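# Remarks on the overall topology
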Amino acid sequence: MVGIFSKTILKRAPREYKKNYLKFFILHVFLIILISLVSGYLTGTQAVDQSYYSMLSSQNTEDGEFSTFFKFGDENIKTIEEEYDLNIEENSYYNVKFVNKNNENNYVNVYTNRNEINKISLSSGRMPNAVDEILLEESYSDYNKYEIGETISINSYQFNIVGRGYFSDYPSIRKSSADIAFKFEEFLLGYVNNESFSKFPINDLTFSYAYKFNKQLSDEEKNAVSAEIKNSINNLTKKDTNFVIKFLPANENRNIITPKNYASQYTPIILAFVYVMIAIIAFVFSIDTTSRIIEESKVIGTLRATGITRTQLTSFYLLLPLFVILVSSIVGNLLGYYVFAPIFADIFTELFSFELISIPFYWDIFVLTTIVPSVILFAISFLIVALFIRKPTSQFLR
């Protein structure tokens, strides 16, 4: 009898699906759109976060920076390095006003000497080797249409653009870390060799230094040590407390920390919304299923009287809802990965200045957008349908 019932299920389920194809089609479309958008968002934003953290690590981004009124001597640098077990690299720059190719007044920070800390990641071209060559930051170059092979005039000097790239201490571009809004369209970062760097007037020079700890520390530990470093620099140089004009740990630097989980910060809210929608759909399925059970009560009573168990009957009525959610989830994940994930990743990477490495397939996202919704729908549907099926056989036969 059990075998006959199983064969009946296999024959009847497709008939039920065809009979109510419009209803199931609408549910498929709704679920596919919902899951593909969510899967695409989660995949794209996780890829952006992964690229951001990879950039910080591979380019040895600073743990902090400080600026001084005068040059901080090599002997003093060595003393601080040994005392606090860190590396310090001069990161001085010229801040210069210039007129861009669109005849707009913009500002540029011109750097050199990024060999160990805050390295530059090339997006195209090469690093400057000769005098009058320059590398420009990618976001500004893209927005203002500066191409390799063109020239740019800065402080009356003509520079040949030989490369474009990303500055690892500027994944979000602001003229000042205190600024709230991004400024990549009007604030440029440039990199030249030492000889070109020396051409600029000393009055425009800011003595800046980046430091990187040799061991892993928590943010709290870094902040505590950073405060000690600032005091030690002032004491070491025998200057007043204003010798250090700016001291900024990386975890307080908006240019560095803004992209941190920026893209994925809404993930919990989005998942909660999806699961609520799945729960609502499960209730709709359950109401529809219970209506069918009521219509077919005499048939169910007869089946129960012939030995068909409640579990078998429940599995029959849950078969189509599970089929709909599983098929929709798988199709939605495929669309999310191949169509929407690149779109969402591009939206967020255009806000920042670092390269999207790749968009891998994340199994945890597949679980969150396929397995979890299926379990939610099954659990709710099972509880409601099982309650109806638990009625005594005599009630079904009335």
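### A word on the overall build of the protein
In terms of helices and strands, the protein carries 12 helices and 11 strands. When burial is assessed residue by residue, the protein has 49% of its 398 residues classed as buried. Within the protein, counting contacts between residues at least 6 apart in sequence, those at least 24 apart form 80% of the total. Carbon and sulfur atoms provide 58% of the accessible area of the protein, an area that totals close to 19,800 Å².

### Thoughts on the packing of helix 3 (residues 74-84) against helix 6 (residues 219-236)
Where helix 3 contacts helix 6, the two axes come as close as 11 Å, and the packing angle between them is 145°. As helix 3 packs across helix 6, the resulting crossing turns out to be right-handed. Note on element contacts: helix 6 touches helix 3 through Val225, Glu228, Ile229, Ser232, Ile233 and Leu236, opposite Asn76, Thr79, Ile80, Glu83 and Tyr84. Within the contact of helix 3 with helix 6, the residues separate by chemical class into 6 nonpolar, 3 polar and 2 charged.

### Thoughts on the layout of surface pockets
Roughly 540 Å³ of volume is contained in the largest pocket. Looking at the largest pocket, it is lined by 20 residues, and the ones nearest its centre are Leu56, Glu62, Asp63, Lys212 and Lys222. Secondary structure elements with two or more residues in the lining of the largest pocket: helix 2 (21-58), strand 10 (205-213), helix 6 and helix 7 (254-257). Looking at the lining of the largest pocket, the element that brings in the most residues is helix 2, giving 4 residues. Residue classes in the lining of the largest pocket are distributed as 8 nonpolar, 5 polar and 7 charged. Taken as a whole, the second largest pocket encloses approximately 330 Å³ of empty space.

### Here's the deal with the side chain of threonine 112
Within the secondary structure, threonine 112 is located in the loop between strand 4 (105-111) and strand 5 (120-125). With relative accessibility at 7%, the residue threonine 112 sits in the buried group. Of note is the side chain of threonine 112, whose polar atom sits 3.0 Å from the side chain of asparagine 194. Not counting residues within four places of it along the chain, the set of residues in contact with threonine 112 comprises Ser92, Tyr191, Val192, Asn193, Asn194 and Phe197.

### A few points about the environment of valine 110
By the secondary structure assignment, valine 110 is in strand 4. You can call valine 110 buried: its relative accessible area is 0%. Each C-alpha atom of the pair valine 110 and valine 96 lies 7.8 Å from the other, and the pair is 14 residues apart in sequence. Once residues within four sequence positions are removed from consideration, valine 110 is found in contact with Ser92, Tyr93, Tyr94, Gly190, Val192, Phe197 and Phe200.

### Quick look at empty space enclosed by the protein
This model, assessed by the stated rule, comprises 2 cavities of 30 Å³ or more. The computed volume of the largest cavity comes to approximately 50 Å³. Together, Glu16, Asn20, Lys23, Phe24, Phe285, Asp288, Thr289, Arg292, Leu320 and Pro321 line the largest cavity. Of all the secondary structure elements, the ones that give two or more residues to the lining of the largest cavity are helix 2, helix 8 (267-295) and helix 10 (310-349). Top element by residues in the lining of the largest cavity is helix 8. It accounts for 4 residues. In this structure, the second largest cavity occupies an estimated 40 Å³ of space. Lining the second largest cavity we find Ser39, Thr43, Asn333, Tyr337, Phe361, Tyr362, Ile365 and Phe366. Put simply, the parts of the chain that give the lining of the second largest cavity at least two residues each are helix 2, helix 10 and helix 11 (363-389). Residue classes in the lining of the second largest cavity are distributed as 5 nonpolar, 3 polar and no charged.

### Focus: the pattern of salt bridges
For the structure shown, the criterion picks out 11 salt bridges. A salt bridge links aspartate 142 to arginine 164; the nearest nitrogen and oxygen atoms lie 4.0 Å apart. Taken as a pair, aspartate 142 in helix 4 (residues 138-143) and arginine 164 in strand 8 (residues 157-167) lie far apart in primary sequence, 22 residues in all. A salt bridge links glutamate 147 to arginine 164; the shortest N-O distance between them is 3.5 Å. Here glutamate 147 is found in the loop between helix 4 and strand 7 (151-154), whereas its partner arginine 164 is found in strand 8, with 17 residues between them in sequence. Exposure remark for glutamate 147: the relative accessible area of 41% places this residue in the partly exposed category. Each member of the salt-bridge network shares a partner with another, and the members are Glu138, Asp142, Glu147 and Arg164.

Cut-offs used in this document
- Residues numbered from 1 in each chain as written.
- Predicted model: local features only at pLDDT ≥ 70, side-chain atom pairs only at ≥ 80, totals over all residues.
- Heavy atoms only, no water.
- Helix = DSSP H or I, 4+ residues; strand = E, 2+ residues; numbered from the N terminus.
- Buried < 20%, exposed > 50% of the residue type's maximum accessible area, 1.4 Å probe, protein only.
- Contact = heavy atoms within 4.5 Å.
- Areas by Shrake-Rupley, 256 points an atom, 1.4 Å probe, with all protein chains shown as cover.
- Axes fitted to C-alpha atoms, helices over the stretch in contact; angles between N-to-C directions.
- Left-handed = near helix turned anticlockwise from the far one by under 90°.
- Nonpolar A, V, L, I, M, F, W, Y, C, P; charged D, E, K, R; others polar.
- 1 Å grid on protein atoms, 1.4 Å probe; cavity = no way out; pocket = protein on both sides within 12 Å on 5 of 7 lines; lining within 4 Å.
- Points joined across faces, edges and corners; volume = space filled by probe spheres on them.
- Polar contact = N/O pair within 3.5 Å; in protein donor to acceptor, adjacent residues only side chain to side chain.
- Salt bridge = Lys/Arg side-chain N within 4 Å of Asp/Glu carboxyl O.

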